[in-house]
Amino acid sequence: MNYQETDPEFAQRFEHFAFSEVVNEPGQQLDPVTRHMAILATLLGCQGLEEFRLELPRALDAGLTPVIVKEVVYQAVDYLGIGRVRPFLDATNEILRARGVSLPLEGQATTTMEDRLEKGAQTQVAIFGEGMREAWKNGHINRWLALAQREMITFCYLAAQGGCEPQLTAHAGGNMNLGNDRDFLIRVVSQCLPYIGYPRSLNAIACVNKAAEARK
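### Regarding the side chain of Thr154
As for its placement among the helices and strands, Thr154 is situated in helix 9 (residues 151–161). Sequence-distant contacts of Thr154, that is, excluding residues within four places in its chain, are made with Gln75, Tyr79 and His171.

### Here's the deal with the nonpolar core
Among the nonpolar cores identified, the biggest contains 47 residues, and Leu44, Phe155 and Val188 are the most heavily contacted of them. Contributions of two or more residues to this core are made by helix 3 (32–46), helix 4 (49–61), helix 5 (66–80), helix 6 (82–98), helix 9, helix 10 (165–177) and helix 11 (182–214). At twelve residues, the largest contribution of residues to this core is made by helix 11. Setting aside residues up to four positions removed in sequence, Val188 forms contacts with Leu30, Ala38, Met152, Phe155 and Cys156.

### Remarks on the packing of aromatic side chains
Scanning the model with the defined rule gives five aromatic pairs in all. With a centroid separation of 6.5 Å and 90 degrees between ring planes, the pair formed by Tyr3 and Phe10 is classed as edge-to-face. Under the relative-accessibility criterion, Phe10 is labelled exposed at 52%. Here the aromatic residues Tyr3, Phe10, Phe14 and Phe19 are joined through ring pairs into a cluster of three or more.

What counts and what doesn't
Residues numbered from 1 in each chain as written. Predicted model: local features only at pLDDT ≥ 70, side-chain atom pairs only at ≥ 80, totals over all residues. Heavy atoms only, no water. Helix = DSSP H or I, 4+ residues; strand = E, 2+ residues; numbered from the N terminus. Contact = heavy atoms within 4.5 Å. Core = buried A, V, L, I, M, F, W, Y, C linked by side-chain atoms within 4.5 Å. Buried < 20%, exposed > 50% of the residue type's maximum accessible area, 1.4 Å probe, protein only. Phe/Tyr/Trp six-rings, centres within 6.5 Å; stacked < 30°, edge-to-face > 60°.

This is how it looks when you write it as structure tokens:
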């Protein structure tokens with residue numbers, strides 16, 4: 001749908017807001033690759049499939065590699081479930097093929113089926129502290145969560161879903177443990193605001209502030 005033809009005033013205002021005001025807001029900017037990673041993860045989280053189809057070519061043009069894109073989609077399964085991610089994986093494959101990318105991509109796994117739990121637990125310790133070293137043994141849900149690695153996009157999945165504030169606060173703290181500080185996370189939220197709206201953005205900022213306060 002070409003909204004420039006059907007809804008020209010709306011299109012003009014939204015495009016100015018999303019692609020000029022937000023992108024260039026002083027003190028709220030991100031480098032292009034980080035920004036587009038965050039937006040892709042946010043669109044997965046809020047189930048914005050049609051907007052994802054528009055965003056993915058922009059992300060690739062901005063420097064995201066097919067490998068990075070696939071990692072963002074794959075990791076979403078841990079937080080959204082395959083039922084909500086499958087349409088995005090199908091759209092990703094369709095767009096990559098249309099751009100001449102040969103699939104499957106070269107394997108990128110850094111774990112094997114045998115060592116993935118141990119390495120996942122090591123990652124959890126790095127993010128959340130020593131208390132997580134044995135946590136994966138305490139139930140199947142924690143065992144699966146030990147596979148999560150990329151905290152910034154995890155933060156975006158959770159912020160965009162809404163209703164995950166306890167987990168969002170925890171992952172805000174996890175981000176801070178890895179050097180993604182309060183100001184960085186607020187910039188992430190700011191850049192994703194056009195895609196999830198004000199209520200979820202304000203909730204995300206509240207979670208970031210809560211996590212930052214807990215570190216004092």
